[in-house]
Amino acid sequence: MSVNQSVNQSLTLLEESVSVPSMWMPKYKDRRLPLRTTACCHGYRDPKRGTDMYAPDSFKLLWTKLHKTINFSIMEESDMYVYVTNITPAHSGQGKNLAESSQKVDAYENISQSLETSTVGTSLSDAQDVKKKSYRIATVCLGLLCALLLTGLIVLAVLYTTHVSEWKSGYKELHININNITEDRNQLQTSYNNLSSERDQLQTSYNNLASERDQLQTNYNHLASEQDQLQTSYNNLSSERDQLQTSYNNLASERDQLQTSYNNLASERDQLQTSYNNLSSERDQLQTNYNHLASERDQLQASNNNLVNQRDQLQTSNNNLVNQRDQLQTSNNNLVNEKNQLQSNYNNLVNEKQQLQKSLEQLTSWRSDLPRRLQAHNGWVYFSGSFYFVSSLERSWNEGRADCRSRGADLMIFNSREEQSFARTFKKRLWVGLTDIQTSGIWKWVDGTPLTTSYWAPGEPNGGHEHCAETMKFDLENSLNDAPCSTRHYWICEKRFAL
C-alpha cells in the first residue's frame, strides 16, 4: 500500500468517526482550493460570507501529527486540494457530549493504528505519543464540557430567582395601588356627601334671607306711604298758614277799626300754636322712625357679614376639592365614571352658589343705598352712624370749630381705629377735636373726655406752643400731629345721631 493510499484511508476514517463530512480533508485535483502544507488546518476566507472560517482545535492537532508522520515530499504541491464547507458551532468542538468525545478518541486510535501499519519508517514511539496526546485532548474537552454545563445551570438558577422576586414585588405594588385607589374613592364619596349637606344648609339660609328681605321691603313700603301722607299734611298746613298770614295782614291794617276782631285773631294764634305743637310731635315720630331704620340697617350689616363668612368658607372648601381632584387625576383611571358623576354634582353646587351670591349682591346694594337716602344735607358724608363734613377752605382751629358749631356739629372725635382710618382717606391735613389748651400736656376731646387711645404719629406730640391736633401723616396707621392752633388748615366736622 502506497503512502498516498494510507493517508486517504486515514482521512476517510477521521471523516466518518468525528462526523465532520468533507471538511478540511486533503484531496486531489477534483477539489477546489489548493492545500498548502499545514496552513489548511488553520482556516480560510469564505468568499460568499466575507468572513474567516477556522478549523476545530482537535482537527488541527491531528493534522499536525499527520504532517509530522507522513513525508509529503512524494506529493506535489500543485496536486493537493482541499474541499471546504460551512462550519457551524457544532463542528467547532464546543458543546459536544460525552459520546462524541469517546468517538473522537476511538477515531484517533484507529488513525494511529492505520498509520503504524501503513507508514514506512514510522517508529513505535511516535505512535504512542500521538495516542497519549489524543487522550489528553479528550480529557480536556470533557472538562470544558462539564464546566460549560455547570455555568449554564448557575445562570438559569440566577435568572429564575430574579424573575420570581420581580414578580412578587410587582404583585405587592399592584395590591397597594388597588388599596390606594379604593381609599381615594371613599374620600371622594365623603366629600360629595359633605358638599350635599352644605348645599342644603345654604338653601335653607337663602330661604330665610329671602323671607326677611320681603318683610323688610314691606316695612319700607309702609314707611314710604306714611312719609307721603305726612308730606301731604305738611303741604296742606303750609297753604293754610299762608292763607292765615294773608288774613293777618288784612286784619292788621284794619286793627284800629276792628278791635273786636283782635280777639278772634288771638284765638287763631292759639290754634296756630297748637298746629305747631302737632308738627313738633310729628317730627319726633319721624325721628323715631329714623332710629328704627338705623337699627334695621345694623341688622342687615350683621347679616351681610355672616353671608361673607359663609362665602369664604365655601371658597375654601371649593379650593380644597380642586386640589384633591388634581392629585387624584393621575391615579384614577379605573374610577373615571364616578369622577364624572361627582364633577356634575359639583357644577350644580357651583351654579347654586352663584345664584346665592347674586341674591347677596342685590341685598348688599339695597343696604348700601340706605346711607344715601338718610343724608340730610349736600356735602355731608355718612360713616359708622355719623355724618362728616370736610371744609374746602383753610382756617385756624378755633375758626374751624366755630364753623362746625354753626352747622349743628363739632370737630371730629376718634372713638375707634376705624374712624381714624376714615379721616386719613381724605389725604388732607385736617383739624380734629383734640386739644390741651386748658392744661398743657393733658389732651382732651372737645366733648371733655380725655385721650385714652394713642393716635399720635411717631415722635408726637413734641410739646412747645402746639396745643391743637391735626391729621398729618395720613399714610401711617397713627396719623395725629400737634400744631399751633393759629395755623391755617382744613377741618372735619362730625354730627352724631343717637341710634
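Residues numbered from 1 in each chain as written. Predicted model: local features only at pLDDT ≥ 70, side-chain atom pairs only at ≥ 80, totals over all residues. Heavy atoms only, no water.

### Examining the overall build of the chain
Part 1 of the argument: A tally of helices and strands in the chain yields eight helices and 13 strands.
Part 2 of the argument: Counting only residues that meet the buried cut, the chain has 29% of its 499 residues in that class.
Part 3 of the argument: Just so you have it, the chain exposes about 32000 Å², and 51% of that area is on carbon and sulfur atoms. (Helix = DSSP H or I, 4+ residues; strand = E, 2+ residues; numbered from the N terminus. Buried < 20%, exposed > 50% of the residue type's maximum accessible area, 1.4 Å probe, protein only. Areas by Shrake-Rupley, 256 points an atom, 1.4 Å probe, with all protein chains shown as cover.)

### A closer look at the confidence of the model for the chain
Part 1 of the argument: Mean pLDDT over the chain stands at 78; residues scoring 70 or higher make up 71%.
Part 2 of the argument: Of the regions scoring below 50 in pLDDT, residues 17–42 engages in 86 contacts with residues more than four places distant in sequence or in other chains.
Part 3 of the argument: Predicted confidence for residues 69–98 stays below pLDDT 50, and this span has 74 contacts to residues more than four positions away or in other chains. (pLDDT = per-residue confidence, 0-100. Contact = heavy atoms within 4.5 Å.)

### Remarks on the pattern of salt bridges
Part 1 of the argument: For the structure shown, the criterion picks out 15 salt bridges.
Part 2 of the argument: Two residues, Arg-213 and Asp-214, come together in a salt bridge whose shortest N-O distance is 3.7 Å.
Part 3 of the argument: Exposure remark for Arg-213: the relative accessible area of 34% places this residue in the partly exposed category.
Part 4 of the argument: Here Arg-496 makes a salt bridge to Glu-494, at a shortest N to O gap of 2.8 Å.
Part 5 of the argument: Classification of Glu-494 as buried rests on a relative accessible area of 6%.
Part 6 of the argument: Within the structure, one salt-bridge network assembled from shared partners comprises Arg-199, Asp-200 and Glu-352. (Salt bridge = Lys/Arg side-chain N within 4 Å of Asp/Glu carboxyl O.)

### Let's talk about the packing of aromatic side chains
Part 1 of the argument: Counted according to the given criterion, the structure contains nine aromatic pairs.
Part 2 of the argument: Each ring, one from Phe-383 and one from Phe-422, has its centre 4.4 Å from the other, and the planes form 5°; the classification is stacked. Taken together, the residues span a long stretch of sequence, with Phe-383 in strand β6 (residues 381–383) and Phe-422 in helix α8 (residues 417–424) at a distance of 39 residues.
Part 3 of the argument: The exposure class assigned to Phe-383 is partly exposed, which follows from its relative accessible area of 24%.
Part 4 of the argument: Between Phe-414 and Tyr-455, the aromatic rings sit 5.5 Å apart at their centres with planes inclined by 75°, giving edge-to-face as the arrangement. Here Phe-414, found in the loop between β8 (410–411) and α8, pairs with Tyr-455, found in the loop between β10 (444–445) and β11 (468–471); they are 41 residues apart in sequence, far enough to count as distant. Of the two residues examined, Phe-414 and Tyr-455, each falls in the buried class.
Part 5 of the argument: Clustering of aromatic rings is evident, with ring pairs tying together Phe-383, Tyr-388, Phe-422 and Phe-426. (Phe/Tyr/Trp six-rings, centres within 6.5 Å; stacked < 30°, edge-to-face > 60°.)

### Let's talk about the side chain of Arg-424
Part 1 of the argument: Counting through the fold element by element, Arg-424 comes out in helix α8.
Part 2 of the argument: There is no salt bridge for the buried Arg-424, and the closest opposite charge comes from Asp-475, which lies 6.3 Å off by N-O distance.
Part 3 of the argument: Reaching out from Arg-424, the side chain makes a polar contact with the backbone oxygen of Leu-476 at a distance of 3.1 Å.
Part 4 of the argument: Not counting residues up to four positions away in its chain, the partners in contact with Arg-424 are Lys-473, Phe-474, Asp-475, Leu-476, Glu-477 and Ser-479. (Lys, Arg positive; Asp, Glu negative; His and termini not counted. Polar contact = N/O pair within 3.5 Å; in protein donor to acceptor, adjacent residues only side chain to side chain.)

### Concerning the pairing of β11
Part 1 of the argument: Where burial is concerned, the two faces of β11 agree: the one with Cys-468 and Glu-470 and the one with Ala-469 and Thr-471 are both buried.
Part 2 of the argument: Note: strand β9 (residues 430–435) against β11, three bridges, orientation antiparallel. Residue pairing in the sheet places Thr-435 in a bridge with Cys-468 of β11.
Part 3 of the argument: When β11 meets strand β12 (residues 480–483), the two strands line up antiparallel, connected through four bridges. Among the inter-strand pairings, Ala-469 is bridged to a residue of β12, identified as Asp-482. (Pairing = 2+ DSSP bridges.)

### Some details on the state of the cysteines
Part 1 of the argument: All told, the structure shown has two disulfides when counted by the stated rule.
Part 2 of the argument: In this model, Cys-404 is linked to Cys-493 through a disulfide, with the two sulfur atoms separated by 1.8 Å. Judged by the sign of its S-S torsion, about -80°, the bond between Cys-404 and Cys-493 is left-handed. Taken as a pair, Cys-404 in helix α7 (residues 397–406) and Cys-493 in strand β13 (residues 490–496) lie far apart in primary sequence, 89 residues in all.
Part 3 of the argument: The residue that forms a disulfide with Cys-468 is Cys-485, at a sulfur-sulfur distance of 1.9 Å. Here Cys-468 and Cys-485 share a disulfide; its torsion about the S-S bond, 95°, makes the bridge right-handed. Placement of the pair is Cys-468 in strand β11 and Cys-485 in the loop between β12 and β13, with a sequence separation of 17 residues. Both residues of the pair, Cys-468 and Cys-485, count as buried. (Disulfide = S-S within 2.5 Å.)

### Structural notes on the environment of Pro-484
Part 1 of the argument: Checked against the element boundaries, Pro-484 lands in the loop between β12 and β13.
Part 2 of the argument: Along the backbone, Pro-484 and Trp-397 are 87 residues apart, and their C-alpha atoms lie at a distance of 8.6 Å.
Part 3 of the argument: Sequence-distant contacts of Pro-484, defined by excluding residues within four places in its chain, comprise Trp-431, His-465 and Glu-466.

### Points about the environment of Val-308
Part 1 of the argument: Inspection of the secondary structure assignment puts Val-308 in helix α5 (residues 260–329).
Part 2 of the argument: Note: C-alpha distance between Val-308 and Gln-357 (49 residues apart in sequence) is 9.5 Å.

### Comments concerning unusual backbone geometry
Part 1 of the argument: Along the chain, Glu-460 connects to Pro-461 via a cis peptide bond; the corresponding omega equals -5°.
Part 2 of the argument: As for its placement among the helices and strands, Pro-461 is situated in the loop between β10 and β11.
Part 3 of the argument: A positive phi is found at Ser-384, a non-glycine position, where the angle reads about 50°.
Part 4 of the argument: With respect to the element layout, Ser-384 can be found in the loop between β6 and β7 (386–390).
Part 5 of the argument: Phi is positive for Lys-427, close to 55°, though the residue is something other than glycine.
Part 6 of the argument: Locating Lys-427 in the fold gives a position in the loop between α8 and β9.

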